[in-house]
Amino acid sequence: MAEENYYADRDKENNLKIRKLLAEELPRLCNEYFLGVQTHTTPLTRLGYAQDLCVFFDFLFKQIDDFAFCDKDHFTYADLDRVNATHIEIFMDYLSFYTYGGREFSNSLKTKSRKLSTLKSFFKYYYNKDRITANPAAKVATPKIKDKPILRLDNEEVGELLDLVDSDTDSTESSKRMISFREHTRKRDLAILTLFLGTGIRISELVGLNISSIDFKSKAFKVTRKGGAQTILYMTDEIITALRDYLDEREEQKLIDGYPALFLSLQKRRITVRAVENLVKKYASIVTPLKNITPHKLRSTFGTSLYNETNDIYVVAEILGHRDINTTKRHYAAISEQIKKEAAEKVRLRKDKKD
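Residues numbered from 1 in each chain as written. Predicted model: local features only at pLDDT ≥ 70, side-chain atom pairs only at ≥ 80, totals over all residues. Heavy atoms only, no water.

## Regarding the overall build of the chain
Thought 1: Helix and strand counts for the chain come out as 15 helices and five strands.
Thought 2: Long-range contacts, defined as pairs at least 24 residues apart, comprise 61% of the intrachain contacts of the chain with a sequence gap of at least 6.
Thought 3: With the model as given, the accessible surface of the chain reaches about 21500 Å², and the carbon-plus-sulfur share is 50%. (Helix = DSSP H or I, 4+ residues; strand = E, 2+ residues; numbered from the N terminus. Contact = heavy atoms within 4.5 Å. Areas by Shrake-Rupley, 256 points an atom, 1.4 Å probe, with all protein chains shown as cover.)

## A closer look at the environment of Leu-279
Thought 1: Along the chain, the position of Leu-279 falls in helix 11 (residues 273-287).
Thought 2: Each C-alpha atom, one on Leu-279 and one on Thr-185, is 10.0 Å from the other, the two residues being 94 residues apart in sequence.
Thought 3: Leaving out residues up to four positions away in the same chain, Leu-279 has contacts with Arg-188, Asp-189, Ile-192, Leu-193 and Ile-271.

## Considerations on the pattern of salt bridges
A pair can form between side chains of opposite charge whenever their charged atoms are brought close.
Thought 1: This structure, assessed with the given rule, holds 15 salt bridges.
Thought 2: Between Lys-20 and Glu-24 there is a salt bridge, with its nearest N and O atoms 3.1 Å apart. Highlighted residues: Lys-20 and Glu-24, both in helix 1 (residues 2-24), separated by four residues, approximately one helical turn.
Thought 3: On the basis of relative accessible area, Glu-24 is assigned to the partly exposed category, the value being 43%.
Thought 4: Residues joined by salt bridges that share partners form a network here, namely Asp-52, Arg-114 and Lys-115. (Salt bridge = Lys/Arg side-chain N within 4 Å of Asp/Glu carboxyl O. Buried < 20%, exposed > 50% of the residue type's maximum accessible area, 1.4 Å probe, protein only.)

## Some words on the packing of aromatic side chains
Thought 1: Within this structure, the stated rule accounts for 25 aromatic pairs.
Thought 2: Here Phe-56 and Phe-59 contribute two aromatic rings whose centre-to-centre distance is 6.4 Å and whose plane-to-plane angle is 40 degrees, an arrangement assigned as tilted. Linking Phe-56 with Phe-59, this pair stays in helix 3 (residues 43-63), spanning three residues, or about one helical turn. Considered together, Phe-56 and Phe-59 belong to a single accessibility category, that of buried residues. (Phe/Tyr/Trp six-rings, centres within 6.5 Å; stacked < 30°, edge-to-face > 60°.)

## Regarding unusual backbone geometry
Thought 1: Phi is positive for Asp-130, which is not a glycine, with a value near 60 degrees.
Thought 2: Inspection of the secondary structure puts Asp-130 in the loop between helix 6 (109-128) and helix 7 (155-166).
Thought 3: Of note, the phi angle at Lys-268 is positive, near 60 degrees, even though the residue is not glycine.
Thought 4: By the secondary structure assignment, Lys-268 is in the loop between helix 10 (237-252) and helix 11.

## Considerations on the side chain of Thr-301
Thought 1: Within the element layout of this structure, Thr-301 appears in helix 12 (residues 295-310).
Thought 2: Those residues in contact with Thr-301, other than ones at most four positions away along the chain, are Arg-152, Leu-153, Val-158 and Leu-197.

## Considerations on the side chain of Thr-288
Thought 1: Here Thr-288 lies in the loop between helix 11 and helix 12.
Thought 2: By relative accessible area, Thr-288 is classed as buried at 7%.
Thought 3: Those residues in contact with Thr-288 that lie beyond four places of it in its chain are Leu-153, Glu-157 and Ile-293.

## Observations regarding the packing of helix 12 against helix 13 (residues 313-320)
Thought 1: It is the contact of helix 12 with helix 13, at a shortest axis distance of 9 Å, that shows an interaxial angle of 150 degrees. By the angle between their directions, the pair helix 12 and helix 13 is classed as roughly antiparallel. Remark: the crossing between helix 12 and helix 13 carries right-handed chirality. The residues of helix 13 that touch helix 12, namely those facing Arg-299, Phe-302, Gly-303, Leu-306, Tyr-307 and Thr-310, are Ile-313, Val-316, Ile-319 and Leu-320.
Thought 2: Across the contact of helix 12 with helix 13, the residue classes break down as seven nonpolar, two polar and one charged. (Axes fitted to C-alpha atoms, helices over the stretch in contact; angles between N-to-C directions. Parallel < 35°, antiparallel > 145°, perpendicular 65-115°, else oblique. Left-handed = near helix turned anticlockwise from the far one by under 90°. Nonpolar A, V, L, I, M, F, W, Y, C, P; charged D, E, K, R; others polar.)

## A few points about the packing of helix 3 against helix 6
Thought 1: Contact geometry for helix 3 and helix 6: axes closest at 9 Å, N-to-C directions at 90 degrees. Here helix 3 lies roughly perpendicular to helix 6, going by the angle between them. Seen from helix 3, the contacting residues are Tyr-49, Asp-52, Leu-53, Phe-56 and Phe-57; seen from helix 6, they are Arg-114, Lys-115, Thr-118, Leu-119, Ser-121, Phe-122 and Phe-123.
Thought 2: Counted by class, the contact of helix 3 with helix 6 contains seven nonpolar, two polar and three charged residues.

## Focus: the sheet that holds strand 5 (residues 230-234)
Thought 1: Taken in spatial order, the three strands make up an open sheet running 3-4-5, and their pairing is antiparallel. In this open sheet, the two strands that pair with only one neighbour each are strand 3 (214-215) and strand 5.
Thought 2: Here strand 4 (residues 220-224) runs beside strand 5; their pairing, made up of five bridges, is antiparallel. Directly across from Lys-222, in strand 5, lies its bridge partner Ile-232. (Pairing = 2+ DSSP bridges.)

## A word on helix 11
Thought 1: For helix 11, which comprises 15 residues, the first-to-last C-alpha distance of 22 Å matches the rise-based estimate of 21 Å (1.5 Å per residue) to within 8%.
Thought 2: Taken together, the buried positions of helix 11 are occupied by Val-276, Leu-279, Val-280, Tyr-283, Ala-284 and Val-287. When helix 11 is viewed along its axis, its buried side chains cluster within an angular range of 115 degrees and face the same direction. Exposed residues pointing more than 90 degrees away from the buried face of helix 11 are listed as Arg-274 and Lys-281. (Expected span 1.5 Å × (residues − 1). Arc of directions from axis to C-beta.)

## Regarding the pairing of strand 4
Thought 1: In terms of burial, strand 4 is a largely internal element, four of the five residues being buried.
Thought 2: Where strand 3 and strand 4 come together, two bridges link them in antiparallel fashion. The residue bridging Ile-214 from the neighbouring strand is Phe-221, located in strand 4.
Thought 3: Count of turn residues in the strand 3/strand 4 antiparallel hairpin: four residues, of which Lys-219 carries a positive phi of about 55 degrees.

Fair warning: the whole summary comes from geometry, so function is off the table for now.
Dropping the structure here:
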């Protein structure tokens, strides 16, 4: 099936990247770890592990004197057993600012936490396999991450965003070339944003959609979730109208047959994640320049609206595809500022005096 090929191709590409890192950047003993975690992780997750471990071993060989004479081709289990909790703590501080592959990087607490999670998984695997005598990563505390306010669009901003995309003219376009470009993408962009805001799907799920994924008769469409599971979601008439308008335009341009992907680039290929991120940023920055709106923030906008309408956290979790209900609660069931304000106004310290 064409739809399955998109995800299969993505997994193949990620697996090839992992093999390249294992061959060129990582110690040979890492092969055992990636083989061991293969059954319960996705290629995308393993690629993240591989990239994190590349940074760690680069740090270890260049920054820690105890490993100055080590290299990836001669790094043994005995060497791995010499890594202690202090080395990992120094690494966590190192991540604040470092150079890797000729580029400079700085990591937030969230990114540091993710890299530490990789090391915890890595050392735990070898400890459980009796390859090392201790698990140093288990002794390192995970950075405490402060919850940030969840950015989302309010109802007025949602309307302004869709109106902006749907307008025939736009004063922000500064050249004939840009105006022509926008005219060729307007219906596509409107369909993309309407689908994001009306269903809360992830960007990878949207990019992976095929024309065959859509069933207008039942007002439904099929998405492939994280991990490869597929589910059916439903569409409003507004979403259907936007999709039909876009597909009608594609049919007029004779771009239906031979192009199974639902959303195409101007190069007549499946639109990329980066392209979708850029178009969301382009339109949203005009409507609300102070908010850094991404596709995930559009997902948050939908989740908040859905919770406000249903007051059912389990329905929100099911539709958004959250495996852990606590994730949904943390993001969408928090007491809003308006509710807190209304609650505060109900408190009376002194009763009104009678005449």
